Amino acid sequence: MSQLQDKKRAFLGPVLSLLCTFGLAAAALTFYGERVVEKTGQAVAQSASLALSGERFDSPVVEAISEKDGRYGLIQGTPGADPYPYLHELRYLKLSEDPSTFSQDETVSQPHWTAWLRGRDDAQAWTQEHHFVATHPIDRQTVAIVVLPRQTIDFGHLYTVLFLGLLFSGLVWFIGLRWGTALGGWAYPVGGGLALLIALATITRTLIFVHAYGAHLPESLQQTSPTWTVVSVLSGCALPIILAIYFSWKRQGAPSPHRTAYTYVGPALVGLVALVLIPFLFGLGLAFFDFSSGQPEWAGLAHFHEILTSQTFTISEPLNFYFTLGVTILWTALNVFLHVTIGLALALLLNRPNLKFRGVYRMLLIVPWAVPTYITALVWKGMFNLQFGAVNTLLERIGLEKVDWFSEFWTSFFANVTTNTWLGFPFMMVVALGALQSIPGDLYEAASIDGASRWQSFRHITWPLLKPALGPAIIIGSVWTFNMFNVIYLVSQGAPEGATDILVTEAYRWAFEKERYGYAAAYSIVIFIVLVGYSWLTQRVGGAAEDEAS
Amino acid sequence: MMRFLLCLVVTLCHLGCGKSSQGEESADKTVVVMWHAYRGDEAAALESVIERYNKQAADHQVRLVSLPYDAMTNKLRVAIPRGNGPDLFIYAHDKVGGWAKRGLIEPVGYWARPETLDRFLPQTLSGLVYDEGLYGLPLAYKTLTLFYDRSLVTTPPKTTDELIKMSESVRSSASDRWGLAYPAQDFYYHSLWLHGFGGQVLPRKGAPQVRSAPMKNSIRFAHSLYEKDLIPKGVDAAQIATLFKAHKVAFVIDGPWFREHLVDHDSWAVAALPKVSETGQTARPFLGVEAVMISGHSREKSAAFAVADFLTSDDSAMTRWSTARQLVANRQVYDRPQVAKDEFTQAFLRQLSNTESMPNRPAMDQLWGPLLDALSKSVVRGMDVEESLELAERAVGQVVD
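Now for a description of the structure that goes with this document. (Residues numbered from 1 in each chain as written. Chains lettered and ligands numbered in written order. Predicted model: local features only at pLDDT ≥ 70, side-chain atom pairs only at ≥ 80, totals over all residues. Heavy atoms only, no water.)

1. Section: the packing of aromatic side chains
All names here are of chain B.
Line of reasoning, step 1. Applying the stated criterion across every chain, the model contains 40 aromatic pairs over all chains.
Line of reasoning, step 2. One aromatic cluster is present, built from ring pairs that chain together Phe-147, Phe-244, Phe-258, Trp-268, Phe-344 and Phe-348.
Line of reasoning, step 3. Stacked on the ring of Trp-321, the Lys or Arg Arg-325 has its end atom at 4.0 Å from the ring centre. (Phe/Tyr/Trp six-rings, centres within 6.5 Å; stacked < 30°, edge-to-face > 60°. Lys NZ or Arg CZ within 6 Å of the ring centre and 35° of its normal.)

2. A look at helix α7 (residues 160-173) of chain B
All names here are of chain B.
Line of reasoning, step 1. For α7, which comprises 14 residues, the first-to-last C-alpha distance of 20 Å matches the rise-based estimate of 20 Å (1.5 Å per residue) to within 8%.
Line of reasoning, step 2. Taken together, the buried positions of α7 are occupied by Thr-160, Leu-163, Ile-164, Met-166, Ser-167, Val-170 and Arg-171.
Line of reasoning, step 3. At its buried positions, α7 is contacted by β8 (178-181), α8 (187-196), α9 (213-227) and β9 (249-254). (Helix = DSSP H or I, 4+ residues; strand = E, 2+ residues; numbered from the N terminus. Expected span 1.5 Å × (residues − 1). Buried < 20%, exposed > 50% of the residue type's maximum accessible area, 1.4 Å probe, protein only. Contact = heavy atoms within 4.5 Å.)

3. Quick notes on the pairing of strand β2 (residues 60-66) of chain B
Line of reasoning, step 1. Examined bridge by bridge, strand β1 (residues 30-36) of chain B and β2(B) share 7 bridges and lie parallel to one another. From the neighbouring strand, Val32(B) faces β2(B), where its bridge partner is Val62(B). (Pairing = 2+ DSSP bridges.)

4. Thoughts on unusual backbone geometry
All names here are of chain A.
Line of reasoning, step 1. Not every positive phi belongs to a glycine, and Gln-493 is a case in point at roughly 50°.
Line of reasoning, step 2. Looking at where Gln-493 falls in the secondary structure, it is placed in the loop between α16 (485-492) and α17 (503-513).
Line of reasoning, step 3. Its relative accessible area of 44% is what places Gln-493 among the partly exposed residues.
Line of reasoning, step 4. Phi angles above zero are rare outside glycine, and Glu-497 is one such case at about 50°.

5. A word on α9(B)
Residue and element names in this part refer to chain B.
Line of reasoning, step 1. Between its terminal C-alpha atoms α9 stretches 21 Å, which fits the 21 Å expected from 15 residues at 1.5 Å a residue.
Line of reasoning, step 2. Burial analysis of α9 places 11 of its 15 residues in the buried class, the great majority of the element.
Line of reasoning, step 3. Those residues of α9 that fall on the buried side of the exposure criterion are Pro-214, Met-215, Lys-216, Ser-218, Ile-219, Phe-221, Ala-222, His-223, Ser-224, Leu-225 and Tyr-226.
Line of reasoning, step 4. Next to the buried residues of α9 lie α7, β8, α8, α15 (368-380) and α16 (385-396).

In structure tokens form, the structure reads like this:
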């Protein structure tokens with residue numbers, strides 16, 4: 001590759017990606033613009049029908065009604081005033097009227113006239129100055145038409161468009177830098193040419209749209225929140241630029257030998273990005289908005305502040321974040337301890353040589369893990385029922401009193417722990433069994449020759465050789481238990497009054513029972529941060545232990 | 001390769017932009033889409049009424065789509081603004097406020113003349129009014145009333161003192177018999193005592209009244225029923241029905257859905273809820289109205305109203321009663337001989353005059369959870385009433401309307 005060609009390629013990349021951005025932005029504007037115009041028409045129709053229903057005539061918008069020909073009149077209003085933001089003028093079009101004389105300086109086309117006669121709510125027409133929307137028919141002779149000035153396009157979605165556009169173009173640029181030379185000289189011009197054609201087509205389309213529908217771009221841009229535009233543009237550019245800088249800095253010479261590997265990993269990476277990263281980013285975005293009024297409103301860090309300071313509730317009340325965090329940590333620690341203890345004990349038992357029916361025992365002991373959690377949880381919930389549950393019946397038989405399991409925190413917690421232990425020990429048992437079977441038998445022989453007791457051989461042979469297998473299993477198990485939604489939600493349902501709720505079930509309630517989506521999203525992000533902190537901690541500890549062992 | 005794929009993606013995105021949605025139209029008749037969550041008898045009744053409508057409609061046809069009840073609100077909220085929603089749908093009235101605010105439903109005042117509205121029981125209309133607009137036509141109503149077992153109790157109680165006395169005597173007659181059974185921690189049921197004590201949890205305008213004196217008094221009253229050991233603890237709706245069928249409980253407070261449990265029962269009877277002795281006011285339960293509402297984004301609103309009008313006509317109401325025993329909102333139906341003889345239906349009609357319409361303000365949604373917690377603490381487990389209500393008030397937080 002000559003120096004000149006390289007320079008040209010380096011120049012083409014940014015230019016093409018910029019054109020792609022513009023094209024994408026224009027396409028999206030067209031799309032959104034049309035949608036907004038349509039929505040405006042519907043909103044207008046609704047405002048007008050409210051006015052026509054005869055119940056809002058005392059509103060400040062409607063200034064005068066004149067009775068004419070029995071039922072109809074001319075309603076004049078102030079545009080932009082609540083609750084009729086779109087109502088400008090309401091006219092009644094009689095069948096006999098010639099549409100060309102409908103307004104002094106404009107004509108309305110025939111197809112629209114026909115649509116209005118049918119009284120369809122979506123019948124709209126545009127002229128240079130005005131936007132006409134038909135509403136319901138007054139009677140067979142007359143249709144009400146709302147007249148309003150040409151509406152500007154709502155550019156509220158501009159930031160999304162810019163974000164995506166710049167992200168996309170940045171990725172194109174980055175890919176070009178990365179693989180441009182590797183793919184050979186022809187890929188760039190062909191792909192670039194196609195992108196250019198698309199960009200030109202959408203630019204043309206946008207211009208036609210702007211002219212035909214009279215979108216007033218400058219005013220509309222003013223209406224968009226400037227903070228949002230800046231934030232989205234920056235974040236859209238940031239990711240690909242960071243990646244591009246990093247990789248171009250790394251790659252000084254020949255193309256990477258790992259290209260084949262990247263190609264194989266590619267599809268899985270795409271899946272991971274689409275199914276994990278994008279929803280995560282979406283959730284992260286949600287956490288900064290407040291949805292209580294039904295429309296997203298910017299809330300900034302308010303949700304995080306509310307969660308972490310938890311001022312509304314004292315530490316002993318279940319809705320306090322730290323209370324729930326404490327319960328979750330206790331829940332995780334207790335469960336993992338029980339799982340490991342019971343699992344390891346059973347694995348040691350099963351590992352004895354010459355154990356009859358070992359296969360049968362193993363199969364039976366895996367059953368708790370195999371049965372779907374949902375079913376198990378409901379069965380256990382039934383067993384802990386106050387009146388008819390198996391546990392209380394058993395207690396009565398022994399002569400003890402029935403216990404109302406879900407009315408106190410500790411009994412409810414105990415019920416949850418029992419269920420989860422029953423569900424969770426097979427996993428640890430299987431891991432421990434696998435690890436035990438990999439320990440060579442001659443170690444034990446040597447130990448017994450040296451006179452070591454059972455406990456000593458366990459402590460000095462078995463346990464150190466188990467740790468590499470149990471370590472990751474414990475980390476996985478604790479993360480699973482930390483997020484064990486099924487058991488808590490189905491067995492105790494957070495009884496009493498949310499005390500046994502763990503962080504995930506609490507987040508679920510905020511989202512779907514109280515419908516505070518922004519708050520719940522922030523809650524999930526906090527849970528994520530807690531778990532990330534925990535993983536980092538275990539890595540540090542695990543790494544240190546490994547260094548110690550070696 | 002990658003770049004080519006990316007360009008392809010861009011092309012496809014662009015192609016998708018040109019589409020504009022049109023209303024559904026077959027060659028001759030327009031289709032009006034209707035969503036509902038009915039099952040069994042109610043679905044059969046609806047289908048037969050719509051079939052009659054389709055036969056006599058000149059230029060449009062109704063297409064019924066049945067949805068799961070739990071998914072309805074979510075689907076409506078998402079689909080309607082995008083233009084994928086129905087033209088009209090059937091749902092309970094408690095979400096009217098939120099939907100009206102967001103323009104998801106259309107006020108019917110434009111088409112509905114006073115003669116149209118005259119056919120309905122007046123109590124069923126008030127739940128559909130929000131901000132001075134009427135947002136649907138009522139189909140049927142649901143409320144709570146008192147069921148009792150004639151083999152255990154001869155006459156129904158007129159006051160709560162009588163209720164307590166009768167329950168005590170039933171309870172003491174056998175150890176496995178109970179006086180009264182109803183889900184005490186569910187605010188939907190507890191509200192009847194609250195209204196009997198003169199309280200209201202959410203007025204038409206203004207903040208919720210969680211810590212009012214009537215609320216505290218009603219909680220103390222309900223708890224006293226537990227203290228006197230008249231109510232079995234920890235039973236759910238299914239277990240209450242089982243107890244009633246086994247003649248193990250004298251009084252049950254429940255709604256029209258309880259009918260299916262009375263099929264084999266030979267000594268059931270229905271009565272109006274008693275007066276609260278402390279105040280002299282009748283215990284008034286929440287009234288829920290099932291209505292047909294028109295989508296705010298529909299393109300066939302006039303046709304949709306014609307369907308709604310037909311669906312709520314007296315003849316259709318009679319079909320709905322006779323096929324599914326729906327408690328219809330049409331006045332005239334109750335005078336017809338078949339209906340006049342049905343004790344179950346007439347009992348609910350009598351209870352109707354002593355009900356409170358369930359608030360349709362969006363703020364109501366925020367109250368259920370905290371009140372459930374407060375009631376299960378204070379009514380069932382006897383914890384401090386003031387504390388429980390104070391926590392509930394904090395949990396409700398700021399109401400957004």
